[in-house]
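Single-letter residue listing:
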Amino acid sequence: MKGRAAIILASTILASSSATAIEPHTAVVHVAVYDSAENAIAARIAKVNRKRDAAEIAKAIVAAAKYYEIDPLLVAAVVEVESAYDPRAVGPIGERGLMQIRKSTAKDLGLNWADAFLIEENIWAGTKYLSWHLADYGSVAKAASRYNGGSSAYAAKVMLRYNRMALAQAHL
């Protein structure tokens, strides 16, 4: 398994006393998740940020998530927190694109810095980076925290959005 994040069922989320207590190794990745996630993610993008690129962003998220065996809703949650789905976003220390990739990290990920604003390239690089953290830490919350340099407040934001998207998808 390339990554250890998995789909988290709404019942598990509701039963949990803390969003950060949900661990990826307690669930199983289902292929059907990838099939239904693209439309759900595109709808979420349209709701948060009315970008014309919603379908392209959702397609790239699902493709990269499937490759790295990560729940696409987790990748979408990271994108939402990092850039509010804006492919041209620039962070306070020069991070670029949807997943706010740093120049030094881009090199490690094999991402050409000039391509950091390209939707597909940015999402694939960021998803790869997230998968490394999932493999290293074995916890969605810890991986989300490390994605942003160890911030527990950041992880809480990601987990909140991730749980909301999982609940919304469960109700489809």
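For the structure itself, look to the data block above.
Residues numbered from 1 in each chain as written. Predicted model: local features only at pLDDT ≥ 70, side-chain atom pairs only at ≥ 80, totals over all residues. Heavy atoms only, no water.

Q: Would you mind showing me how to read the overall build of the protein here?
A: When helices and strands are counted, the protein shows 8 helices and 0 strands. For the protein, the sequential pattern of α-helices and β-strands runs α-α-α-α-α-α-α-α. Here the protein holds 172 residues, and the buried ones make up 49% of them. Considering only intrachain contacts with a sequence separation of at least 6, the fraction spanning at least 24 residues in the protein is 59%. Only carbon and sulfur atoms are counted for the fraction: they give 52% of the accessible area of the protein, which is about 8,400 Å². (Helix = DSSP H or I, 4+ residues; strand = E, 2+ residues; numbered from the N terminus. Buried < 20%, exposed > 50% of the residue type's maximum accessible area, 1.4 Å probe, protein only. Contact = heavy atoms within 4.5 Å. Areas by Shrake-Rupley, 256 points an atom, 1.4 Å probe, with all protein chains shown as cover.)

Q: Can you walk me through the layout of surface pockets in this structure?
A: Picture a little ball the size of a water molecule; that probe, rolled over the atoms, points out where space is still empty. In this structure, the largest pocket encloses a volume near 300 Å³. Glu82, Gln100, Arg102, Tyr147 and Asn148 are the residues nearest the centre of the largest pocket, which is lined by 17 residues in total. Elements represented by at least two residues in the lining of the largest pocket include exactly helix 4 (72–83), helix 6 (119–137), helix 7 (140–147) and helix 8 (152–170). Residue composition of the lining of the largest pocket, by class: 7 nonpolar, 5 polar and 5 charged. Lining the second largest pocket are 11 residues, with Ala40, Arg44, Arg164, Met165 and Ala168 positioned closest to its centre. Where the lining of the second largest pocket is concerned, the elements lending two or more residues are helix 2 (31–48) and helix 8. (1 Å grid on protein atoms, 1.4 Å probe; cavity = no way out; pocket = protein on both sides within 12 Å on 5 of 7 lines; lining within 4 Å. Points joined across faces, edges and corners; volume = space filled by probe spheres on them. Nonpolar A, V, L, I, M, F, W, Y, C, P; charged D, E, K, R; others polar.)

Q: Just to check I follow, could you spell out helix 3 (residues 54–68) for this structure?
A: An α-helical turn contains 3.6 residues, so any two residues separated by three or four positions project in the same direction. When the terminal C-alpha atoms of helix 3 are compared, their 21 Å separation across 15 residues agrees well with the 21 Å that a helix rising 1.5 Å per residue should span. All of the buried residues along helix 3 are Ala54, Ile57, Ala58, Ala60, Ile61, Val62, Ala64, Ala65 and Tyr68. Backbone geometry just downstream of helix 3 places Glu69 in the positive-phi region, at approximately 55 degrees. (Expected span 1.5 Å × (residues − 1).)

Q: What is the right way to read the environment of Asp53 from this model?
A: Locating Asp53 in the fold gives a position in the loop between helix 2 and helix 3. Asp53 sits 34 residues away from Pro87 along the chain, and the two C-alpha atoms are 8.7 Å apart. If sequence neighbours within four positions are ignored, Asp53 has contacts with Pro87 and Ile119.

Q: For this particular structure, what's the right way to read the packing of aromatic side chains?
A: The geometry of two aromatic rings is summed up by the distance between their centres and the angle between their planes. As enumerated under the stated definition, the model contains 5 aromatic pairs in all. With a centroid separation of 6.3 Å and 70 degrees between ring planes, the pair formed by Tyr129 and Trp132 is classed as edge-to-face. Of this pair, Tyr129 and Trp132 both sit in helix 6, 3 residues apart, which is roughly one turn of the helix. Taken together through their ring pairs, the aromatic side chains of Tyr67, Tyr68 and Trp124 make up a single cluster. (Phe/Tyr/Trp six-rings, centres within 6.5 Å; stacked < 30°, edge-to-face > 60°.)

Interpretation note: all reported values are geometric properties and have no functional meaning in isolation.
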